[in-house]
Every structure is written in structure tokens, then in C-alpha cells.
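The residues making up each chain are set out below.
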Amino acid sequence: MKLIREYGLTRKDFLNAKILREKEVLKVAKGKSSDAETDSARPSENVNNVIIIGGRGGAKMVIEAIRSTNYVGIEGIIDDQLKTGDQVMGVPVLGGDQDLEILKEKGFKNVVLSFSSLHDLASRQKKYQDLKKRNYQFPNVIHARATVEPSVTLGEGNIILANAMVGSEVALGNINY
């Protein structure tokens with residue numbers, strides 16, 4: 001699984017495999033990189049892909065949650081503290097905050113705030129308000145192994161991780177993590 005994640009592959013790339021060995025993973029990874037430039041080298045054509053804001057520990061959990069559903073792709077990560085071109089679990093770092101507007105001009109408007117500081121929730125709220133004023137959208141990220149009852153009301157930008165249980169008639173506001 002580590003190699004699969006490292007190369008940005010999913011289980012769907014190996015539907016017919018009964019036993020998965022390193023050489024099969026490397027073969028598929030090589031085929032994908034020769035089909036087109038690597039994901040970190042050029043943006044995809046799918047403007048519905050999300051941009052993850054923040055590339056540390058929280059981003060890894062968000063990446064796992066997004067990959068668990070295959071509903072949407074991940075375009076890349078924006079983080080001022082990481083080097084452009086680096087990768088987090090196979091997802092390219094596209095730059096810092098200053099690069100976000102360039103991506104928006106290309107049509108990317110879906111963002112996920114993957115950082116959370118229990119000691120400073122105001123910074124998360126401030127980032128949300130700033131991006132909201134600039135017309136970014138905040139999809140909810142719900143891991144495939146989370147349980148969200150049908151009567152739940154969700155705001156936007158919520159992140160619900162694996163094994164979480166959101167019970168009947170719960171109302172979540174925005175950007176809960």
C-alpha cells in the first residue's frame with residue numbers, strides 16, 4: 001500500500017490483480033508517468049479537483065479520506081512552509097498562498113482546510129473567512145468508513161475522518177475538523 005500511495009495510485013489501478021507485488025505496482029506507476037507528465041509537473045484538466053490548504057499531519061488524514069471515496073481528485077497542496085514540487089503522500093506541493101489565485105484563475109475553486117490548531121482555532125476561521133470572501137468553495141470531506149446518519153445537516157468545509165460517527169439530527173456548521 002505504501003508504494004501505491006507513494007505513486008498516487010488507487011486500488012482501481014489494480015482491479016484484476018489477485019496478488020499485488022512491488023513489480024506490478026512499479027509497472028503501473030511507470031505506465032502512468034509515461035502516459036502524460038506527472039501530476040506534479042502539470043495541473044489536471046479537472047477543475048473540480050480540490051486544493052488542500054496545509055501540508056502537514058492533517059493533510060495526510062484528509063488525503064486518505066478523499067482517496068477512500070474516489071468522488072473527487074486532489075489537484076495539490078498549498079503550504080508556505082513546504083517546497084514547491086515536494087510531495088505529501090504522492091500529492092504535489094503546488095506552492096504557497098500566493099499561488100492559490102493562479103490556480104483559481106485556471107478554474108480551481110474547491111479548497112479543503114487541512115490544518116487545525118486546537119490552541120488557535122481563530123486562524124482556521126480567519127483563513128476560511130478570507131477564502132470565502134474570494135469566492136472559494138469548501139466541499140465536505142467524509143471518509144468512506146465514517147458514518148453520517150441521513151438526518152444530519154452539514155454546513156461546508158467539514159472533515160469527517162475514518163470511524164467517526166455523526167448521529168441522528170446532528171447539525172454541523174462550517175469547517176469542523
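The text that follows walks through the structure, step by step, so that each part is easy to find.

**Here we look at the sheet that holds strand β5 (residues 110–113)**
Part 1 of the argument: As summarised here, the arrangement of the 5 strands in space is β3-β4-β2-β1-β5, forming an open sheet in which the pairing is mixed. With partners counted over all chains shown, the strands left at the sheet margins are β3 (87–88) and β5, one partner each.
Part 2 of the argument: The strands touched by helix α3 (residues 57–69) are β1 (50–53), β2 (74–78), β3, β4 (91–95) and β5; relative to β1, the strand with the most contacts, the crossing angle is about 160°.
Part 3 of the argument: Relative to the sheet, helix α5 (residues 121–133) contacts β1 and β5, its axis offset from that of β5 by approximately 170°.

**A short note on the side chain of E156**
Part 1 of the argument: With respect to the element layout, E156 can be found in the loop between β8 (153–154) and β9 (159–160).
Part 2 of the argument: Among the polar contacts listed, one links the side chain of E156 to the side chain of K132, at a separation of 2.8 Å.
Part 3 of the argument: Residue contacts for E156: discarding those within four places in its chain leaves Y128, K132, F138, N140, G173, N174 and I175.

**A few points about the pairing of β5**
Part 1 of the argument: By the alternation rule, side chains of β5 split into N110 and V112 and V111 and L113, which are all buried.
Part 2 of the argument: One ladder, built from 4 bridges, connects β1 with β5; its direction is parallel. Residue I52 lies in a different strand from β5, and its bridge partner there is V112.

**Here we look at the pairing of β2**
Part 1 of the argument: Of all 5 residues in β2, 5 are buried, a share of seventy percent or more.
Part 2 of the argument: As defined by bridge partners, β1 adjoins β2 across 4 bridges and the pair is classed as parallel. Residue V50 lies in a different strand from β2, and its bridge partner there is I74.
Part 3 of the argument: Assessed by its sense of winding, the connection that carries the chain from β1 through α3 to β2 is right-handed.
Part 4 of the argument: Where β2 meets β4, 2 bridges bridge the pair, whose relative direction is parallel. Paired with I77 across the strands is V93, a residue of β4.

What counts and what doesn't
- Along each chain, the written sequence defines residue order, and numbers are assigned to residues from 1.
- Reporting of local features is limited, given that this is a predicted model, to residues whose pLDDT is at least 70; pairs of side-chain atoms are given and counted only at 80 or more, and all residues count toward the totals for whole chains, interfaces and linings.
- The side-chain values count all of the structure's non-hydrogen atoms but skip hydrogen atoms and water molecules.
- Here, any two strands with at least 2 DSSP bridges between them count as paired.
- Helix and strand assignments follow DSSP, with helices taken as H or I runs no shorter than four residues and strands as E runs no shorter than two, numbered in order from the N terminus.
- Residue contacts are defined here by distance: any two heavy atoms, one from each residue, within 4.5 Å place the two residues in contact.
- Angles shown run from 0 to 180 degrees and are taken between the N-to-C directions of axes, each axis being a line fitted to C-alpha atoms and, for helices, limited to the stretch in contact.
- Identification of polar contacts relies on pairs of N or O atoms within 3.5 Å, with a donor-acceptor requirement for protein atoms, meaning one able to donate a hydrogen and the other able to accept it, and with residues adjacent in sequence counted only if both atoms are side-chain atoms.
- Summary of the burial criterion: residues with accessible area below 20% of their type's maximum are buried, those above 50% are exposed, and those between are partly exposed, where the area comes from a 1.4 Å probe applied to protein chains only.
- By convention, orient the strands away from the viewer: a clockwise path from the first strand over the helix to the second makes the crossover right-handed.

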